[in-house]
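Tertiary structure, described
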Amino acid sequence: AQRVTQPEKLLSVFKGAPVELKCNYSYSGSPELFWYVQYSRQRLQLLLRHISRESIKGFTADLNKGETSFHLKKPFAQEEDSAMYYCALPNTGNQFYFGTGTSLTVIP
Amino acid sequence: KAGVTQTPRYLIKTRGQQVTLSCSPISGHRSVSWYQQTPGQGLQFLFEYFSETQRNKGNFPGRFSGRQFSNSRSEMNVSTLELGDSALYLCASSLTSGRVGEQFFGPGTRLTVL
């Protein structure tokens, strides 16, 4: 069955430190994976998708099929990165499986 | 371009009642998806509508239903409300269905069932 797991509910890092938010998936085939972010009092919005292979706000994510992971990374965390992050795996059409989310706090 | 709008933003109902939530997608978007968000279960897919047809359905009881109008606006209905239906209901619109695209989320409707 398709599933997305985010093992960390809460993650705190100091400003300037590297950050990695973990995402593991279960999917048979070639997955497309997404990271969505929700800043305080804002809507859920797309951060990046693996197929575009771009860096958004300094974040990158690499699909590792061997480890079935799609971890989100940033070398130097900023205070404005504090938010809720969701890893998402699409099924057919626009049906997405979302992980339970990781709340990131960047300590000044 | 105006974003996805959802009405009402907050709703309080009692058990056994029914409720209708509304979602207006971004102009030109034909796909509307609905999600239930709770602290324990996170975001769970309810259903997707595209061109007035239900394209996908999640694992929710038949009390949850939806529809889409010719102008792409969508409504979801929950009948015989239960306490466990208390949640944030999110609507997301997308340009197309069948090919995965970016979903644009609305602010949500917070439903409280007493």
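Refer to the structure printed above.
Residues numbered from 1 in each chain as written. Chains lettered and ligands numbered in written order. Predicted model: local features only at pLDDT ≥ 70, side-chain atom pairs only at ≥ 80, totals over all residues. Heavy atoms only, no water.

Taken together, the contact pairs 23 residues of chain B with 17 residues of chain A. The contact between chain B and chain A buries some 1,700 Å² in all, and 50% of this surface belongs to carbon and sulfur atoms. Our enumeration of links across chain B and chain A arrives at zero salt bridges. Here chain B and chain A share five residue pairs in polar contact (both at pLDDT 80 or more) between them. (Contact = heavy atoms within 4.5 Å. Buried area = accessible area lost by both parts, 1.4 Å probe. Salt bridge = Lys/Arg side-chain N within 4 Å of Asp/Glu carboxyl O. Polar contact = N/O pair within 3.5 Å; in protein donor to acceptor, adjacent residues only side chain to side chain.)

On to the state of the cysteines. This structure, assessed with the given rule, holds two disulfides over all chains. A disulfide bridge connects A:Cys23 with A:Cys87, and the sulfur atoms are separated by 2.0 Å. Residues A:Cys23 and A:Cys87 are joined by a disulfide whose S-S torsion is about -65°; by sign, that bridge is left-handed. Here A:Cys87 lies in strand β9 (residues 83–90) and A:Cys23 lies in the loop between β3 (19–21) and β4 (24–26), a separation of 64 residues in the sequence. On the accessibility criterion, A:Cys23 (0% relative accessible area) is buried. A residue is classified by how much of its surface remains accessible, and A:Cys87, at 0% relative accessible area, is buried. There is a disulfide in this structure between B:Cys23 and B:Cys91, and the S-S distance comes to 1.7 Å. You can see B:Cys23 sitting in strand β3 (residues 19–24) and its partner B:Cys91 sitting in strand β9 (residues 87–94), a full 68 residues away along the chain. (Disulfide = S-S within 2.5 Å. Helix = DSSP H or I, 4+ residues; strand = E, 2+ residues; numbered from the N terminus. Buried < 20%, exposed > 50% of the residue type's maximum accessible area, 1.4 Å probe, protein only.)

What follows deals with the sheet that holds β3(B). Residue and element names in this part refer to chain B. Within the open sheet, the four strands sit side by side as β1-β3-β8-β7. Their pairing is antiparallel. Looking at which strands have only one partner, the edges of the open sheet turn out to be β1 (5–7) and β7 (64–68). With direction set aside, neighbouring strand axes in the sheet form an average angle of 20°. One ladder, built from five bridges, connects β7 with strand β8 (residues 74–78); its direction is antiparallel. The residue of β8 that forms the bridge with glycine 66 is methionine 76. (Pairing = 2+ DSSP bridges. Axes fitted to C-alpha atoms, helices over the stretch in contact; angles between N-to-C directions.)

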